[in-house]
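Listed below are the residues making up each chain.
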Amino acid sequence: MRALVLVDIQRDFLPTGALPVPKGDEVVPVANRLMRELGAEVIVATQDWHPPGHGSFASSHSGKHPFEVTQLDGLDQILWPDHCVQRSAGAEFAPGLDTGRFQKVFRKGENPNVDSYSGFFDNGHRSDTGLGAWLKDRGVTDVYLLGLATDVCVMYTALDACRLGFNTWLVVDGCRGVNVAPGDTHRAIEEMQRAGVRVATSEELLGSRAAQSAGLA
Ligand code: VGL
Ligand code: ZN
């Protein structure tokens, strides 16, 4: 069983959003096409969903600025601009994203004292969103990941998917990175590959799918 997992494709991560990911809007048509054409039995999305004043926001720490690093509950924490505040427009899914195909949405980042980059666990691996068990209950063995941002939430979601024993694919053209430091996206892809994540383009995945159903592969 295959699951398509769309990570944090939300307004605040689009180029006009509060925490802009360059070209983040370009993942929307890739996500829509894969939802239509990949034939994954399971389609889910994650949604960054912070309470106002979340501990990952620079504005919650006096004298700190976005992209500085601090400590939060014993963990290194990059401080971000306020983003994806619960029920705000910025937390909504990207315009044009075909959310009607989502079977379930897993929200993360609700605990004000810890950030949650992965769609499976918080950054301290203390609490669980339920995504792993939900996928396993449905017999999912293969996870196809795309979304925003490659070097933050997509990477941590992919590393956890591998650790949980899913065959994990990164749909590389369906992701864009934030690149707080230049080269972060490149390094993130290498780190995912070292952990066992396979990297493919949507064309490759759809091509092999077409070849399979035509009996050619
Ligand atoms: C993300 C930074 C802060 C992401 C979420 O979705 O990649 N990045 N919160
Ligand atoms: Zn966040």
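For the structure itself, look to the data block above.
Going along each chain's sequence as written, the residues are numbered from 1 onward. Whichever chain is written first is A, and whichever ligand is written first is 1; the rest continue in order. Restriction of local features to residues with pLDDT of at least 70 applies here, the model being predicted, together with a cutoff of 80 or more for giving and counting side-chain atom pairs; totals for whole chains, interfaces and linings are based on all residues. Processing note: side-chain calculations cover all non-hydrogen atoms of the structure and skip hydrogens and water entirely.

Novice: Can you help me understand the overall build of the chain in this one?
Specialist: If you tally the helices and strands in the chain, you get 5 helices and 8 strands. Listed by position from the N terminus, the elements making up the chain come as β-α-β-β-β-β-α-β-α-β-α-β-α. Taking 17 Å as the expected radius of gyration for a compact globule of 217 residues, we find that the chain reaches 17 Å, a close match to that expectation. Expressed as a percentage of its 217 residues, the buried residues of the chain come to 52%. A contact between two residues is defined here by any heavy atoms of the two lying within 4.5 Å. Of the contacts formed within the chain by residues at least 6 apart in sequence, a portion of 74% connects residues at least 24 apart. Working note: accessible area of the chain is about 9600 Å², and carbon and sulfur atoms make up 50% of it. Under the counting rule used here, the positive set is Lys and Arg, the negative set is Asp and Glu, and His together with the chain ends is not counted. Where a charge lies is defined by one atom per residue type: Lys uses NZ, Arg uses CZ, Asp uses CG and Glu uses CD. Positive and negative side-chain charges in the chain, numbering 20 and 27 respectively, have mean positions lying 4 Å apart. Each helix is a run of DSSP H or I of at least 4 residues and each strand a run of E of at least 2, with the numbering of both proceeding from the N terminus. Within these notes, the globule rule equals 2.2 Å times the number of residues to the 0.38 power, and the radius of gyration is based on C-alpha atoms. For the exposure calls, accessible area comes from a 1.4 Å probe over protein chains only, and a residue counts as buried if that area is under 20% of its type's maximum, exposed if over 50%, partly exposed in between. Each accessible area is a Shrake-Rupley result for a 1.4 Å probe, and residues are judged covered by the shown protein chains and nothing else.

Novice: I tried to follow the site of ligand 1 on my own but got confused; where do I start?
Specialist: A cutoff of 4 Å decides nearness: a residue is near a molecule or strand if any of its heavy atoms lies inside that distance of it. Every residue lining ligand 1 is accounted for by D8, F13, L19, D48, W80, H83, L148, A149, V152 and C153. The definition of a polar contact used here is a pair of N or O atoms within 3.5 Å, where within protein one atom must be able to donate a hydrogen and the other to accept one, and adjacent residues in sequence count solely through side-chain atom pairs. At 3.3 Å, a backbone N or O of L148 approaches an oxygen atom of ligand 1. Between A149 and ligand 1, the recorded distance is 3.0 Å, taken from a backbone N or O atom to an oxygen atom. A total of 260 Å² of accessible area belongs to ligand 1 in isolation, and the protein chains cover 99% of it. As a working rule, the residues Ala, Val, Leu, Ile, Met, Phe, Trp, Tyr, Cys and Pro are called nonpolar, Asp, Glu, Lys and Arg charged, and the rest polar, with Gly in that last group. Each residue belonging to the shell around ligand 1 can be placed in one class, and the counts come to 7 nonpolar, 1 polar and 2 charged.

Novice: Can you walk me through the pairing of strand β4 (residues 75-78) in this structure?
Specialist: Here strand β3 (residues 69-72) runs beside β4; their pairing, made up of 4 bridges, is antiparallel. Opposite V69, over in β4, you have I78 as the bridge partner. By the convention used here, strands pair only if DSSP detects at least 2 bridges between them. As consecutive antiparallel partners, β3 and β4 are separated by 2 residues, and within that stretch D73 has a phi angle of approximately 50°, a positive value.

Novice: Would you mind going over the coordination of the zinc ion (ligand 2) with me for this structure?
Specialist: Perfect tetrahedral coordination of a metal by four donors corresponds to 109.5 degrees between them, and perfect octahedral coordination by six donors corresponds to 90 or 180 degrees. As a rule, N, O and S atoms within 2.8 Å of a metal are its donors, except that Na, K and Ca use 3.2 Å; water is not among the atoms, so sites may look incomplete. Taken together, the protein ligands of the zinc ion (ligand 2) are D48 (OD), H50 (NE2) and H83 (NE2), with distances of 2.0 to 2.2 Å. In this structure, the zinc ion (ligand 2) is coordinated by 4 donor atoms arranged in irregular fashion, with angles at the metal of 89 to 172°. Read from N- to C-terminus, the donor residues coordinating the zinc ion (ligand 2) fall into the pattern D-x1-H-x32-H. In this pair, D48 sits in strand β2 (residues 42-48) while H83 sits in the loop between β4 and β5 (104-108), placing the two residues 35 residues apart along the sequence. With respect to class, D48 is no different from H83; both count as buried. Geometry is assigned from donor-metal-donor angles: four donors are tetrahedral when every angle falls between 85 and 135 degrees, four are square planar and six octahedral when opposite donors sit over 155 degrees apart with all other angles between 65 and 115, and any other arrangement is irregular.

Novice: How should the packing of aromatic side chains be read in this particular structure?
Specialist: Working definition: an aromatic ring pair is given by the centre-to-centre distance plus the angle between the planes. Two rings from Phe, Tyr or Trp (for Trp, the six-membered ring) form a pair when their centres sit within 6.5 Å of each other. Planes less than 30 degrees apart are called stacked, planes more than 60 degrees apart edge-to-face, and all others tilted. Considering all chains together, one arrives at 7 aromatic pairs under this definition. Consider the rings of W80 and Y117, whose centres lie 6.4 Å apart with planes at 75°: the pair is edge-to-face. On the criterion of sequence distance, the pair formed by W80 in the loop between β4 and β5 and Y117 in the loop between β5 and α2 (131-137) is long-range, its members being 37 residues apart. Take Y117: its relative accessible area is 10%, and that puts it in the buried class.

Novice: Looking at this structure, I do not really get the packing of helix α3 (residues 150-163) against helix α4 (residues 184-194). What am I missing?
Specialist: The packing of two helices is summarised by the inter-axis angle and the distance between the axes. For helices, the fitted axis covers only the stretch in contact; all axes are lines through C-alpha atoms, and the angles between them, taken along N-to-C directions, range from 0 to 180 degrees. The interhelical angle for the contact between α3 and α4, taken along N-to-C directions, is 5°, at an axis separation of 10 Å. Here α3 is positioned roughly parallel relative to α4, judged by the angle of their axes. For the pair α3 and α4, the contacting residues are T150, D151, M155, A158 and L159 in the first and D184, T185, A188, I189, E191 and M192 in the second. Looking at the contact of α3 with α4 residue by residue, the class counts come to 6 nonpolar, 2 polar and 3 charged. Roughly parallel means an angle under 35 degrees; roughly antiparallel, over 145; roughly perpendicular, 65 to 115; everything else is oblique.

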